[in-house]
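Understanding the architecture of this molecule
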Protein chains: 2
Amino acid sequence: MAPMKHTLVALVEDKPGVLNRVANLFRRRGFNIDSITVGHSEKPDISRMTIVVDGSGASVEQVRKQLDKLIETVKVQDITSESIVVREMALIKVKATSATRSEIMQIVDIFRANIVDVSMESLIIEVTGDEEKLDSLLNLLRTFEIKEVVRTGRIAMTRGSTTTSEPGRKPISAED
Amino acid sequence: MAPMKHTLVALVEDKPGVLNRVANLFRRRGFNIDSITVGHSEKPDISRMTIVVDGSGASVEQVRKQLDKLIETVKVQDITSESIVVREMALIKVKATSATRSEIMQIVDIFRANIVDVSMESLIIEVTGDEEKLDSLLNLLRTFEIKEVVRTGRIAMTRGSTTTSEPGRKPISAED
């Protein structure tokens, strides 16, 4: 299978060193993590990681299984082929003077983004969407001079009412 | 000084193993990372990490200096005491039936959040804001049963037109 971007969701115990172990596991197998985000989940003391990684289906499945074996791991799921909501957030600082501010504000409106800081020489724009939407906005703003960008990396969730943490969805791994 | 949450911004080369080294550095010093996000920056091949960590000013400054010494590190700045924009994004899957949907939609409106998926039994809500705002919304939604939450962790940027990547802001570290 050709390499493609996979989105893994991992529920892990919120303990020191967990991120280190996860990063190490991908590193040892030669995977470059495209993005990783870690934040609180719906359960106390459980963090939820969204990991985007390039690789063939078989190699990603191998690393998913290894991740599942870490003692801090509650659950890991590859949700790439499911129907999912994918989002990223960015803050973009763009040069804006009295001459260009209104044109930038029009673009911000079209992208349903928000202006969260204004100075005489710049604006900070907050935008959410999939990676393509964020890239398109960044491309348009390049004309005005982008001064600074911070992006969260991808977070994702399956559509509908089933959840990643449901015990029934833990894959059977008897073949390990 | 009493421990408090510090927000570090690190610009690092986008190479395999960088996240591993950064996580390792905090781990060895006994810091538990509260949140870490990694994404693209305004420069090609440079990633920007936002790291939230608990500690005294002096101990965080020590780890900041060590981080600055990694060969992949372009710049690290502790922006805690600056005037900053702080944001986090969450996707929240909440139980919603025909009886509760409109009440949930009212709450979503008040928080200027968005509904990004609807099923007969659930909604997915996208919300951005500081951690307190996200916590407040989650508390309100608990009444309806929260099924799943994914949060990005904090991203941050200094207000006004100066930027973290400006060479002029690199701190002098002759005392290292």
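The structure under discussion appears in the preceding block.
Residues numbered from 1 in each chain as written. Chains lettered and ligands numbered in written order. Predicted model: local features only at pLDDT ≥ 70, side-chain atom pairs only at ≥ 80, totals over all residues. Heavy atoms only, no water.

**Observations regarding the relation of the copies chain A and chain B**
Overlaying chain A on chain B yields an RMSD of 0.0 Å, the required transformation being a rotation through 180 degrees with an accompanying axial translation of 0.0 Å. Within this description, the copies of the chain are treated as partners about a two-fold rotation axis. Of the C-alpha atoms belonging to chain A, the one lying closest to the rotation axis is found on T37 of chain A, 2.6 Å away. Here 100% of the contact residues of chain A are again contact residues in chain B; the copies associate through an equivalent surface. (Least-squares fit on C-alpha atoms with pLDDT ≥ 70 in both. Contact = heavy atoms within 4.5 Å.)

**Re the pattern of salt bridges**
Inspection of every chain in the model, using the stated rule, returns 25 salt bridges over all chains. The residue E61 of chain A makes a salt bridge to R64 of chain A at a minimum N-O spacing of 3.0 Å. Of this pair, E61 of chain A and R64 of chain A both sit in helix α2 (residues 57-69), three residues apart, which is roughly one turn of the helix. Given a relative accessible area of 6%, R64 of chain A falls into the buried group. With its nearest N and O atoms 3.0 Å apart, the salt bridge here joins D117 of chain B to R159 of chain A. A residue pair is termed interchain when its members come from two chains, as with D117 of chain B in strand β6 (residues 114-118) and R159 of chain A in the segment after β9 (155-158). When its relative accessible area of 9% is taken as the criterion, D117 of chain B is described as buried. (Salt bridge = Lys/Arg side-chain N within 4 Å of Asp/Glu carboxyl O. Helix = DSSP H or I, 4+ residues; strand = E, 2+ residues; numbered from the N terminus. Buried < 20%, exposed > 50% of the residue type's maximum accessible area, 1.4 Å probe, protein only.)

**Remarks on α2 of chain A**
Residues and elements named next belong to chain A. In a regular helix each residue adds 1.5 Å, so 13 residues correspond to 18 Å; α2 covers 19 Å between its end C-alpha atoms and thus fits that length. Among the residues of α2, G57, V60, V63, R64, L67 and D68 are the ones counted as buried. Axial view of α2: buried residues confined to an arc of 145 degrees, hence all on one face. Exposed and facing more than 90 degrees away from the buried side of α2 are A58 and K69. (Expected span 1.5 Å × (residues − 1). Arc of directions from axis to C-beta.)

**Things to note about the environment of Q62 of chain B**
Note on placement: Q62 of chain B falls in helix α2 (residues 57-69). The spacing of Q62 of chain B and R29 of chain B is 33 residues in sequence and 9.6 Å in space, taken between C-alpha atoms.

**Some details on the interface of chain A and chain B**
Contacts between the two partners involve 56 residues from chain A and, on the opposite side, 56 residues from chain B. A per-residue breakdown of the area chain A buries against chain B is headed by E148, I155 and M157 of chain A, which together make up 13% of the total. The tally of links from chain A across to chain B stands at six salt bridges. The closest approach of N and O atoms between E126 of chain A and R87 of chain B, which form a salt bridge, is 2.6 Å. (Buried area = accessible area lost by both parts, 1.4 Å probe.)

**Comments concerning the packing of aromatic side chains**
All names here are of chain A. Under the criterion given, the structure shown has two aromatic pairs over all chains. Ring geometry for F26 and F31: centres 6.1 Å apart, planes at 75 degrees, overall edge-to-face. A single burial state applies to F26 and to F31, both of which are buried. (Phe/Tyr/Trp six-rings, centres within 6.5 Å; stacked < 30°, edge-to-face > 60°.)

**Some thoughts on the packing of helix α1 (residues 18-28) of chain B against α2 of chain B**
Between two packed helices, what matters for the description is the angle formed by their axes and the separation of those axes. Residues and elements named next belong to chain B. In the contact formed by α1 and α2, the axes pass within 11 Å of each other and the chain directions differ by 150 degrees. One element, α1, and the other, α2, form an angle in the roughly antiparallel class. Taken as a pair, α1 and α2 cross one another with a handedness that is right-handed. Two secondary-structure elements touch here, α1 through V22, L25 and F26 and α2 through V63, Q66 and L67. The class makeup of the residues in the contact of α1 with α2 is five nonpolar, one polar and no charged. (Axes fitted to C-alpha atoms, helices over the stretch in contact; angles between N-to-C directions. Parallel < 35°, antiparallel > 145°, perpendicular 65-115°, else oblique. Left-handed = near helix turned anticlockwise from the far one by under 90°. Nonpolar A, V, L, I, M, F, W, Y, C, P; charged D, E, K, R; others polar.)

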